[in-house]
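Observations on chain architecture
Residue-level listing of the chains:
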Amino acid sequence: MTVVSEVRDTIALLRAQVADLHAELTRNQLVIWTAGNVSARVPGRELLVIKPSGVSYDELTPESMVVTDFDGRLVEGTRSPSSDTDAHAYVYRHLPEVGGVVHTHSTYACAWAALGRPVPCVLTMMADEFGGEIPIGPFALIGDDSIGRGIVETLRHSRSRAVLMANHGPFTIGRDAREAVKAAVMCEDVCRSVYMAMQLGDPAPIPQDKIDSLFARYQNVYGQPGPAGPGKDV
Ligand SMILES: O=C(CO)[C@@H](O)[C@H](O)COP(=O)(O)O
């Protein structure tokens, strides 16, 4: 029995979930052409499911998803994995609580990334979802561990599920892939709202104790009780 066959059912579910979640990127207008990707950790294994590189979102199916190890090596599938696979794998290797990673080039988040300016916490939704500002990560070139390292170093000591990699764009994390997609949607929305606020004047910061209180409520009470757990919008 191979390592993959032992988790075949799990991988089948993740292939379907990851393929479906790419449709959320287009539905929420977070990507153009093929510029963005979603992945999911295979629980208990050093494996991840991610989209193939450069394939149109319309063509993505569960079968076209690929499985790689945490060195980005293809384990299952016929196509080359996303060019951001090394970054996703680095996050899974170093942040064990993370089950999903998303990268997009959404417009407003990229505008903040181009400025290299963190997004200040001036909206309750930011406090809810990100627990504070959305930080900027270092400039890093694609092709080795440097993007992953920048994501992990920035998010390791932050409550934020989003980082804007300088001159590049947003990477988001979650306990699963759906949560990481939600963070990507909310990241773009608050980047747009705060940008608009700044056209009108100086947005008012939220005091730290209020941010803490909003974050605690949203993470622990919001949503439906039950197996999905608090903070899950099932
Ligand atoms: O940021 C980049 C390239 O700069 C990537 O996110 C690509 O734009 C999408 O890559 P694939 O997932 O299709 O390889």
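Our subject is the structure listed above.
No experiment lies behind these values; they were computed from the predicted model shown.

**A short note on the pattern of salt bridges**
- One pass over the structure, following the stated rule, counts 13 salt bridges.
- A salt bridge links Arg 15 to Glu 76, with the shortest nitrogen-to-oxygen separation between them at 2.9 Å. In this pair, Arg 15 is assigned in helix 2 (residues 8–27) and Glu 76 in strand 4 (residues 74–76), connecting sequence segments 61 residues apart.
- Glu 179 serves as the salt-bridge partner of Arg 161, at 3.8 Å between the closest nitrogen and oxygen. Here Glu 179 lies in helix 7 (residues 177–200) and Arg 161 lies in the loop between helix 6 (146–155) and strand 7 (162–165), a separation of 18 residues in the sequence.
- Taking the relative accessible area as the measure of exposure, Glu 179 reaches 7% and is therefore buried.

**Topic: the site of the ligand**
- What surrounds the ligand is a group of 13 residues, the closest being Lys 51, Ser 53, Ser 82, Ser 83 and Asp 84.
- Taking Ser 82, its side chain carries an N or O atom lying 2.7 Å from an oxygen atom of the ligand.
- With respect to the ligand, the side chain of Ser 83 contributes an N or O atom lying 2.5 Å from an oxygen atom.
- Summarising the interface, the protein chains cover 79% of the accessible area of the ligand, which totals 380 Å² for the free molecule.

Criteria and thresholds
- Position numbers for residues start from 1 in each chain and track the written sequence from start to end.
- Reporting in this predicted model follows two pLDDT cut-offs: at least 70 for local features of residues, and 80 or more for side-chain atom pairs to be given and counted; totals over whole chains, interfaces and linings ignore these cut-offs and use all residues.
- By convention in this description, side-chain values take in all heavy atoms of the structure and omit both hydrogens and water.
- Definition used for salt bridges: Asp or Glu carboxyl oxygen within 4 Å of a side-chain nitrogen of Lys or Arg.
- Every helix listed is a DSSP run of H or I at least four residues long, and every strand listed is a run of E at least two residues long, numbered separately from the N terminus.
- The classification of residues rests on relative accessible area computed with a 1.4 Å probe and restricted to protein chains. Under 20% of the type maximum is buried, over 50% is exposed, and intermediate values are partly exposed.
- For this description, a residue counts as near a given molecule or strand if any of its non-hydrogen atoms is within 4 Å of it.
- Under the rule applied, a polar contact is a pair of N or O atoms within 3.5 Å (in protein, one hydrogen donor and one hydrogen acceptor; residues adjacent in sequence only if both atoms are side-chain atoms).
- Throughout, the Shrake-Rupley method with a 1.4 Å probe supplies accessible areas, and for residues the shown protein chains are the sole cover considered.

Keep in mind that these numbers describe shape and distance, not what the molecule does.
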